[in-house]
Amino acid sequence: MKKRLFRIPLLTIGFIFIIMGLRWIFVDEPWMLDKVANEERLNMTFEKLFSNEINDTLPGYLQQIYRFFGLWVSMIGLFIVSFLREKFIQDSDIRKSLLICTGLTVYLALILAYIWIPSSPFVYLGLGSVILHAVSIIGNRKIS
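Residues numbered from 1 in each chain as written. Predicted model: local features only at pLDDT ≥ 70, side-chain atom pairs only at ≥ 80, totals over all residues. Heavy atoms only, no water.

Draft legend 1. Broad picture of helix α4 (residues 58-82). In this model α4 runs 36 Å from its N-terminal to its C-terminal C-alpha over 25 residues, within 8% of the 36 Å that 1.5 Å per residue would give. Buried residues belonging to α4 abut α1 (2-26), α2 (35-42), α3 (46-51) and α6 (92-116). (Helix = DSSP H or I, 4+ residues; strand = E, 2+ residues; numbered from the N terminus. Expected span 1.5 Å × (residues − 1). Contact = heavy atoms within 4.5 Å.)

Draft legend 2. Examining the packing of aromatic side chains more closely. Counting across every chain of the model gives nine aromatic pairs. Each ring, one from Trp24 and one from Phe122, has its centre 5.6 Å from the other, and the planes form 45 degrees; the classification is tilted. With a gap of 98 residues between them, Trp24 in helix α1 and Phe122 in helix α7 (residues 122-143) connect regions that are remote in the sequence. The exposure class of Trp24 is buried, given its relative accessible area of 8%. An aromatic cluster of at least three residues, connected via ring pairs, comprises Trp24, Phe69, Trp72 and Phe122. (Phe/Tyr/Trp six-rings, centres within 6.5 Å; stacked < 30°, edge-to-face > 60°. Buried < 20%, exposed > 50% of the residue type's maximum accessible area, 1.4 Å probe, protein only.)

Draft legend 3. Region of interest: the side chain of Asn55. With respect to the secondary-structure elements, Asn55 resides in the loop between α3 and α4. For Asn55, a relative accessible area of 18% translates into the label buried. Setting aside residues no more than four positions away along its own chain, Asn55 makes contact with Leu49 and Phe50.

Draft legend 4. Structural view of the nonpolar core. Of all hydrophobic cores here, the largest spans 26 residues; its most connected members are Phe6, Leu10, Ile13, Phe17, Ile80 and Leu84. Within the residue set of this core, elements represented by two or more residues are α1, α3, α4, α6 and α7. Not counting the four nearest positions on each side in its chain, Leu84 is found in contact with Phe6, Arg7, Leu10, Leu11, Ile89 and Leu98. (Core = buried A, V, L, I, M, F, W, Y, C linked by side-chain atoms within 4.5 Å.)

Draft legend 5. Here's a closer look at the pattern of salt bridges. Applying the stated criterion across every chain, the model contains three salt bridges. One salt bridge in this structure joins Lys3 and Glu86, with 2.8 Å as the shortest N-O distance. Of this pair, Lys3 sits in helix α1 while Glu86 sits in helix α5 (residues 86-89), and the two are 83 residues apart along the sequence. The partly exposed category is assigned to Glu86, whose relative accessible area is 34%. Across the salt bridge formed by Lys35 and Glu47, the nearest N and O atoms sit 4.0 Å from each other. Residue Lys35 is located in helix α2, and its partner Glu47 is located in helix α3; the two are separated by twelve residues in the primary sequence. Here Lys35 falls in the partly exposed class, since its relative accessible area comes to 30%. Salt bridges sharing partners connect three or more residues here, namely Lys3, Arg7 and Glu86. (Salt bridge = Lys/Arg side-chain N within 4 Å of Asp/Glu carboxyl O.)

Draft legend 6. Focus on the packing of α1 against α4. Look at α1 against α4: their axes get within 7 Å of each other, and the N-to-C directions meet at 160 degrees. It follows from the interaxial angle that α1 and α4 lie roughly antiparallel. Note that α1 runs across α4; the crossing there is left-handed. Residues Leu10, Leu11, Ile13, Gly14, Phe15, Phe17, Ile18, Gly21, Leu22, Trp24 and Ile25 of α1 form the contact with α4, whose own contacting residues are Tyr66, Arg67, Phe69, Gly70, Leu71, Val73, Ser74, Ile76, Gly77, Leu78, Ile80 and Val81. Looking at the contact of α1 with α4, its residues break down into 17 nonpolar, five polar and one charged. (Axes fitted to C-alpha atoms, helices over the stretch in contact; angles between N-to-C directions. Parallel < 35°, antiparallel > 145°, perpendicular 65-115°, else oblique. Left-handed = near helix turned anticlockwise from the far one by under 90°. Nonpolar A, V, L, I, M, F, W, Y, C, P; charged D, E, K, R; others polar.)

Draft legend 7. Examining the environment of Ile13 more closely. Relative to the assigned elements, Ile13 resides in helix α1. Its relative accessible area of 0% is what places Ile13 among the buried residues. For Ile13 and Leu132, which are 119 residues apart along the polypeptide, the C-alpha to C-alpha distance reads 7.3 Å. Those residues within four positions of Ile13 in sequence are excluded, and the remaining contacts are Ile80, Thr102, Val106, Ser129, Leu132 and His133.

Shape descriptors only; they carry no functional weight alone.
Below, the structure is given as structure tokens:
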């Protein structure tokens, strides 16, 4: 039971990262997944942004950037999930390293989302990830 309190929240975070990353990789216009917040940040609509001739290649560039970002996010999720195997979580140093790295990722991502795109639903996903991470910290303390 103690290990499950540590493991399940981090597994959830890892799978969320994998799914989010895959969405950014495979959606044709990934910037539209958070259209309202992105347009608010740009201070213009995507229609206006893409209407200028100089920006004709911008959608392809954005797609490339979002796909790399999606790959990065998916790989972080895969690392989190792969380091939650029974053999690894028996080692307290590995658990602590996993908590530190995951914590830095979710806390800093939440701070950046709150600063740059506060109207984004990703802020709520970030808050949920912070709560899950806190539960894993409690679970780690119960194991130790």
